[in-house]
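Reading the structure
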Amino acid sequence: MSGEKANISFNPGIYLHIPFCEHKCGYCDFYSITNRSQQALFVEALCQEMEQVAEQIRPAETFDTIYFGGGTPSLLQPDQLQRILSVIQRVFAISSDCEITLEMNPGATEKEKLPVFKQLGVNRLSIGVQSFDDRELKLLERIHSARQAVETFEAARKAGFTNLGIDLIYALPGQSLNSWRATLQQALHLAPEHISAYNLIFEPGTPFYKLREKGQLNPQEEEEELRFFNFTHQFLSERGFLHYEVSNFARTASLYSRHNYKYWLHVPYLGFGPSAHSFWNDRRWGNVRSLNAYLQQLKQQRLPRAFEEQLSAQTKEFEHIFLRLRTYEGINLAYFEKTFHRSFLETYRKTINTLIDRDFAVIDAQVFRLTQKGMAVCDEILQYFA
């Protein structure tokens, strides 16, 4: 970690789930659809949802991040994006330095919109490259080429974007470390401000999961996945990137994904659109995972909630541990005691000692955090605290 301070506030954020995609990739577990015939209806429903929520909770706080996720939010037409942003600015207090992120996929159609998106206020892009190897892109069922990924990135720079992130996936079936190294080298050649590197996961219900069950797609062995993770950490760290969360790297602490970091710090956020979740005043709720149901409920002037829950003190404590240990900042012991009114070290002494003895964790300057060895098996370790 660098001594530089991360540009992270405890102001709330806004997430918007745009569910449309040109093509649904076999590994993707996020809610998305390829039928875009109701896109205009969706935009109006989304604006209605924001207006109703703002009226209901009347937030006094200033929001300083807006994140368009999906799906492929860059499929929005410029006038639709403008409509959404105008409603956000009308019903919520938005900071003057708000980070506005738009996820996009490489492609000719998207490239042409970039200058307009920039003019509308988008100041950060997260580009779903996934690989710079055409064979791997085909395996992942991506519909862009490595060349198109490079061209899209360069078009974003030309449009004036100074904060660009690249998403990549590793440990693909049959992928070698040499191939992964080549993808990372191409990414570094483009000089992005941020890189997200995710281990391929076979999520239940996805086509990839079904292919694995049939023996038609074989995941990497766990030991190989570990090699990919450690190689990625070493490769990017040696080239100046800060590994600040299990899957995320930034050139400097000021270039962390401010919005996503809110999730890991348990900062409140409001989510809009089908399948979006919110966390507000110790309550969590999620929207229906269906565009038709989403549109229908809002047409009836009802918020499209699938569930709502009040978080117990025990749940909040576990989530604090779970989320903080995914970051390289770890758990501040004094903050934990002040927040939960008990000592982290005394409460979890046996687990803590086991993790330290196995070189999975350390206590450093009143912070308990996972080591690199621990980060590599982070999800397994977090079960110790459940």
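Sequence order as written defines the numbering, with residues in each chain counted from 1. The model is predicted, so local features are restricted to residues of pLDDT at least 70 and side-chain atom pairs to those at 80 or more, both for listing and for counting; the totals for chains, interfaces and linings are taken over all residues. Side-chain measures here rest on the full set of heavy atoms in the structure, leaving out hydrogens and waters.

Side note on the overall build of the protein chain
Note the following rule: A run of H or I in DSSP becomes a helix once it reaches four residues, and a run of E becomes a strand once it reaches two; helices and strands are each numbered from the N terminus. The cut-offs for exposure are 20% and 50% of the maximum accessible area for each residue type, with area from a 1.4 Å probe on protein chains only; residues under the lower value are buried, those over the upper are exposed, and the others partly exposed. Here a residue-residue contact requires only that any non-hydrogen atoms of the pair lie within 4.5 Å. Shrake-Rupley sampling with a 1.4 Å probe provides the accessible areas, and residues are treated as covered by the protein chains on show and by no other component. None of His or the chain ends enter the tally, which takes Lys and Arg as positive and Asp and Glu as negative. The location of each charge is read from NZ of Lys, CZ of Arg, CG of Asp or CD of Glu.
Within the protein chain, the regular secondary structure consists of 16 helices and 15 strands. Overall size of the protein chain, expressed as C-alpha extent along the three principal axes, is 55 × 50 × 45 Å. Within the protein chain, the fraction of its 386 residues that count as buried is 54%. For the protein chain, restricting intrachain contacts to residue pairs at least 6 apart in sequence, the fraction spanning at least 24 positions comes to 70%. Looking at the protein chain as shown, the accessible area adds up to about 17500 Å², and 47% of this sits on carbon and sulfur atoms. Computed over 41 positive and 45 negative side-chain charges, the separation of the two mean positions in the protein chain equals 3 Å.

Things to note about the environment of Phe132
Turning to its location among the elements, Phe132 is positioned in the loop between strand S4 (124-130) and helix H4 (134-139). Judged by relative accessible area, Phe132 falls into the buried class, the value being 13%. As for Phe132 and Ser179, which are separated by 47 residues in sequence, their C-alpha atoms are 9.1 Å apart. Every residue in contact with Phe132, bar those within four places of it in the chain, is listed here: Ala146, Ala149, Val150, Ile166, Leu168, Thr183, Gln186, Ala187 and Leu190.

A few points about the packing of helix H6 (residues 177-190) against helix H8 (residues 222-237)
For clarity, the cut-off: The axes are straight lines fitted to the C-alpha atoms, using for helices just the contacting stretch, and the angles between their N-to-C directions are given from 0 to 180°. Here is the rule for angles: anything less than 35 degrees is roughly parallel, anything more than 145 is roughly antiparallel, 65 through 115 is roughly perpendicular, and the remaining ranges are oblique. Rotating anticlockwise by less than a right angle from the far helix to the near helix defines a left-handed crossing, while the corresponding clockwise rotation defines a right-handed one.
Viewed as axis vectors pointing N to C, H6 and H8 meet at an angle of 30°, and their least axial separation amounts to 11 Å. Here H6 is positioned roughly parallel relative to H8, judged by the angle of their axes. Crossing of H6 against H8: the hand is right-handed. Contacts from Leu177, Trp180, Arg181, Leu184, Gln185 and Leu188 of H6 reach H8 at Arg227, Phe228, Phe231, Thr232, Phe235 and Leu236.

Topic: the packing of aromatic side chains
Defined as follows: Pairing of aromatic side chains here covers Phe, Tyr and the six-membered ring of Trp, requires ring centres within 6.5 Å, and sorts the geometry by plane angle: under 30 degrees stacked, over 60 edge-to-face, intermediate tilted. Working rule: Lys NZ or Arg CZ, within 6 Å of ring centre, within 35 degrees of ring normal, means a charge sits over the ring.
Overall, the coordinates contain 25 aromatic pairs when judged by the stated rule. For the ring pair Tyr27 and Phe208, a centre distance of 6.0 Å and an interplane angle of 65° mean the geometry is edge-to-face. Of this pair, Tyr27 sits in the loop between strand S1 (13-18) and helix H1 (39-57) while Phe208 sits in helix H7 (residues 207-213), and the two are 181 residues apart along the sequence. When the ring of Phe344 is compared with that of Phe385, the centres are 6.0 Å apart and the planes differ by 25°; the resulting orientation is stacked. Placement of Phe344 in helix H13 (residues 344-347) and of Phe385 in the segment after helix H16 (378-382) is noted, with a sequence separation of 41 residues between them. The exposure class assigned to Phe385 is buried, which follows from its relative accessible area of 5%. Here the aromatic residues Phe336, Phe340, Phe344, Tyr348, Phe368 and Phe385 are joined through ring pairs into a cluster of three or more. Taking the ring centre of Phe161 as reference, the NZ or CZ of Lys118 above it sits at 6.0 Å. In this structure, Arg239 is placed above the aromatic ring of Phe235, and the distance from its NZ or CZ to the ring centre is 3.7 Å.

Here's the deal with the sheet that holds strand S14 (residues 361-363)
Each strand in a sheet pairs with its neighbour through backbone hydrogen bonds, running either in the same direction (parallel) or in the opposite one (antiparallel). Threshold: In this scheme, strands are said to pair when DSSP sees at least two bridges between them.
An order of S13-S15-S14 is seen for the 3 strands of this open sheet, with the pairing classed as antiparallel. The sheet is open, and its two borders are formed by strand S13 (331-332) and S14, each paired with just one other strand. Pairing between S14 and strand S15 (residues 367-370): 3 bridges, direction antiparallel. Residue Ala361 lies in a different strand from S15, and its bridge partner there is Leu370. On top of the sheet, helix H14 (residues 349-357) reaches S14 and S15; it is set at about 110° to S14, its chief contact.

Focus: the layout of surface pockets
Stated precisely, the cut-off is as follows: Throughout, the protein atoms alone are placed on a 1 Å grid, and a set of points is a cavity if a 1.4 Å probe fits but cannot get out or a pocket if it is open with protein on both sides within 12 Å along at least five of seven lines; lining residues have an atom within 4 Å of a point. Grid points are joined across faces, edges and corners, and a volume is the space filled by probe spheres set on the points. Residue polarity follows a fixed list, in which Ala, Val, Leu, Ile, Met, Phe, Trp, Tyr, Cys and Pro are nonpolar, Asp, Glu, Lys and Arg are charged, and the others, Gly among them, are polar.
Of the volumes computed, that of the second largest pocket is approximately 490 Å³. Lining the second largest pocket are 19 residues, and of these His266, Asp282, Lys316, Tyr335 and Thr339 lie nearest its centre. Listed by contribution, the elements that provide at least two residues to the lining of the second largest pocket are strand S10 (277-280), helix H11 (313-324) and helix H12 (333-340). Broken down by element, the lining of the second largest pocket gets its largest block of residues, 5 residues, from H11. Taken together, the residues of the lining of the second largest pocket break down into 10 nonpolar, 5 polar and 4 charged.

Quick word on the environment of Glu380
Summarising the element assignment, Glu380 is placed in helix H16. Classification of Glu380 by relative accessible area gives partly exposed; the value is 40%. Here the alpha-carbon distance between Glu380 and Ser257, two residues 123 residues apart in the chain, equals 25 Å.

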